[in-house]
Amino acid sequence: MLIVVDPTRVARRLRVRGVVQGVGFRPFVYRHARSLGLAGWVRNDGAGVEIEVQGSEARIDTFILGLVTAAPPLARIDAVEPEVIPPDDGRRDFAILPSAGGAVATAIGPDVGVCPACLAELFDPDDRRWRYPFINCTHCGPRYTITRSLPYDRARTSMAGFEQCPACAAEYAHPGNRRFHAEPNACPACGPHLSLHEPHGVPALARDAIAEALRRIRLGEIVAIKSLGGFHLACDAANPDVVARLRARKQRPDRPLALMLANLASIAPLARLSGAAAATLESAERPIVLLDKQAGFDARLPGIAPDLDEVGVMLPYTPLHYLLFHEAAGRPAGTGWLAEPQPLALVMTSANPHGEPLVQGNDEAFERLAGIADVLLMHDRDIVVRCDDSVLRLRSDLPAGPGEAAGAGVQFLRRARGFTPLAMPLPASGPPVLAFGAQLKATLCMARGAEAFLSQHIGDLDSPAACVALDDAAGHLLQILSVRPAAVAHDAHPDYYSTLAALELSRRLDVPAFAVQHHHAHVAAVCAEHGLEGPVLGLAADGVGLGSDGMPWGGELLWVDGADFRRLGHLAPLPLPGGDRAAREPWRMACAVLHALGSPDEAARRFAHQPKVAQVLDMLARGTRCPPATSLGRCFDAAAALLGLCETMSFEGQAAMRLETAARAYGKALPLPGAYHIDRRAPDGPSVLNLYPLFKLLAEEGDPARGAAHFHASLVDGLVHWLAEAAHASGLRRVVLAGGCLHNRVLAAGLRHKLGARGLAVFEAQHVPPGDGGIALGQAWVARARLMKEGG
């Protein structure tokens, strides 16, 4: 055969990095290359996607540009690296080759909500996937939670055991089909199936599992539903009796519950929707978005988010969720009903016993949800990785990031489904480090190259099951990223389980372990997110973290520069009567403040109904079991109790949330004169922001809402003066605001506005939570800096 050599023909090998597996990228490349008349091939491998392409140089340039500008919606292109190679004049077609192996340097995409094309098929009575609860394609469905390892191929997922029928196999094999290499591809003939079970495991008597589950919900029962990353507990949000029963069974008396509603039209009567909020709710990631309640919300849906002014809302994101609403709407044909208000409102909360991780498997559900769920709606597709719903808030004073809705910036409270394991870019490459986070709101972080991969939210490490979940998540993260850390990082507290787990891995791998002070890590997490290299001025404000002096810290003014930090100042310490017990009982903090102000009799009178008030006042008088803490979180608790807003808490942050709600209800207020003073006990010592005068004023306040507003205004004023003074003394113009207290909208927005007005550049956590849920990123940032410093 005579081969004619074309002198204008050139060839390139392209390495494409980013989220390019499991998102329809190879069929896109195939169609894109053929449309330009180019020859070559494309394949997945451990590093991402590899392409060889040949043709004219102009068309190859057009091809490369299109890889970035016209990529599939779920793809994220981080780099296209070209290499000149000799052309193969014998190749005249373009093909998709089988996946290759190699060291893993790519990432799998997150789970995403059902796409419009799949919804159209789901509700088309003539489609073979009509009402099939596992419909998906390359543009939607599960990814991360079904994947055991990379490259992302069906054999490496929990779909491996479901052999495709001829019709599905034909779709899977055809490059022009949107299900080409959609690894979870399935239909009623060959894929997973639903089943409904009574709590003891016996199949429920039902012709249609979805119809029966909805009937049970309408009867006032609690239904456990197997979703993407774990089980939910669902019930009728408009039935206060079942909501109360759910709270009692979960031992969750006050913590707000999330709602699932069919569409934006169903949300509008219940919560205020901005354009940015609407776009975020309808995004492929489908997070829970915190929205301000409409007037009358608590009358319509009592017990959902008591004593708060906002509620967490999400839209359906799996076919199964949609089918529950479709059943409630009477099974209409087509998708027109999705634009109409639907009356069904579901509580959709994580299915887990109190203090334990999310239920993941079927057998586990029967065991752990006994006594909580009345019936279980489950299926036979395994969840490889548990992954809870993400929770975020939109703030108009924060900048919107790339690809986000204009008009507001995102701030995560919990980063998980839809966003895990997407990488966060780091400003420079460095050695791999695995960070283990803290004890509460635990997450992991793997820094690899110039990226940081945050694990899904794991939760508080207060139970053996939660500790096992941390270990499992660490093992899966290392496996899916195929990386061996050069070091591990952990909190400086020696007794945290996350610390013990990090030290164990350090011993096993024979790599160094770096202890990172809690508040240093909080500030460093914001530096990592925003790529801030060099020194910054940091405010770390949270509940408590072990200080480098062995004392509880939580209101810290820090100089931070990568691996190093110095404590420039702190809040005036408050005694914690009873230690950790004071963090759950704000009335104790009010007693501590009143005692320090010389008014123990006032404390005894105010809290006479508390059985242990005499014992607490005696501890304060003797100075026993009252460790001093510089915690801003405990200041919020003291203020809430002094104003009569919260004396005991059933969940972390409850007092501060009620205080914030009261302040927002009152509106703007001016700082109180003389509410604070700034002390320096030694010329070179730390400066101390003393808030005791503010507490004295609050103790005399008769209007709780007005007192809450004045507390916030005075606190912001004091912190701004304190930070501005430190900025002037240090010459630093970049201020980082970090720690769990920065979830408070009144505090964060007030600080941002007033510091900006003084010419300071303000940075906050946005794409990682400001609290302990983001601290692993800061640990990894600090540990990597130390590793490089010691090595260089």
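Just so it is clear, the model here is predicted, and its values are computed rather than measured.

A. Structural context of the nonpolar core. Ranked by size, the top nonpolar core spans 73 residues in total, and within it F695 and L751 carry the most contacts. The element contributing the most residues to this core is helix α21 (residues 704-730), with 10 residues. Excluding residues within four positions of it along the chain, F695 makes contact with L574, V593, L597, C635, A638, A639, L642 and F711. The next biggest cluster of nonpolar side chains, apart from the first, holds 68 residues, and it includes A33, I96, V114 and L338.

B. Examining the packing of aromatic side chains more closely. All chains considered together, the criterion is met by 8 aromatic pairs. An angle of 85° between the planes, with centres 4.8 Å apart, marks the rings of F412 and F419 as edge-to-face. Across this residue pair, the class does not change: F412 and F419 are buried. Here the basic side chain of R417 rests over the ring of Y317, its NZ or CZ set 3.5 Å away from the ring centre. Of note, R567 hangs over the ring of W553, and the distance from its end group to the ring centre comes to 3.9 Å.

C. Examining helix α23 (residues 775-791) more closely. Over its 17 residues, α23 runs 24 Å from end to end, which matches the ideal 24 Å to within 8%, given 1.5 Å per residue. Among the 17 residues that make up α23, 12 are buried, leaving the element largely enclosed by the rest of the structure. If you check which residues of α23 are buried, you get I775, A776, L777, G778, Q779, A780, W781, V782, A783, R784, R786 and L787. Check the buried side of α23 and you find it contacts β16 (423-435), β17 (445-454), β18 (487-491), β19 (513-516) and α14 (518-530).

D. Seen up close, the layout of surface pockets. The calculated volume of the second largest pocket comes to roughly 1200 Å³. Forming the walls of the second largest pocket are 36 residues, and the residues nearest its centre are P402, G403, E404, L422 and H767. Counting only elements with at least two residues in the lining of the second largest pocket, the list comes to α8 (275-281), β15 (409-414), β16 and α14. In terms of residue count, the dominant contributor to the lining of the second largest pocket is β16 (3 residues).

E. Representation of the sheet that holds strand β1 (residues 10-19). The sheet built from 5 strands is open, its strands ordered β4-β1-β3-β2-β5 with mixed pairing. Whereas interior strands pair on both sides, the edge strands pair on one side only; in this sheet they are β4 (76-85) and β5 (94-96). Along the sheet, successive strands turn relative to each other by an average axial angle of 15°, direction set aside. Two elements, β1 and strand β3 (residues 48-55), share 7 bridges in a ladder whose sense is antiparallel. Paired with A11 across the bridge in β3 is Q54. The strands touched by helix α1 (residues 25-35) are β1, β2 (39-45), β3, β4 and β5; relative to β5, the strand with the most contacts, the crossing angle is about 175°.

The rules behind these values
Residues numbered from 1 in each chain as written. Predicted model: local features only at pLDDT ≥ 70, side-chain atom pairs only at ≥ 80, totals over all residues. Heavy atoms only, no water. Core = buried A, V, L, I, M, F, W, Y, C linked by side-chain atoms within 4.5 Å. Buried < 20%, exposed > 50% of the residue type's maximum accessible area, 1.4 Å probe, protein only. Helix = DSSP H or I, 4+ residues; strand = E, 2+ residues; numbered from the N terminus. Contact = heavy atoms within 4.5 Å. Phe/Tyr/Trp six-rings, centres within 6.5 Å; stacked < 30°, edge-to-face > 60°. Lys NZ or Arg CZ within 6 Å of the ring centre and 35° of its normal. Expected span 1.5 Å × (residues − 1). 1 Å grid on protein atoms, 1.4 Å probe; cavity = no way out; pocket = protein on both sides within 12 Å on 5 of 7 lines; lining within 4 Å. Points joined across faces, edges and corners; volume = space filled by probe spheres on them. Pairing = 2+ DSSP bridges. Axes fitted to C-alpha atoms, helices over the stretch in contact; angles between N-to-C directions.

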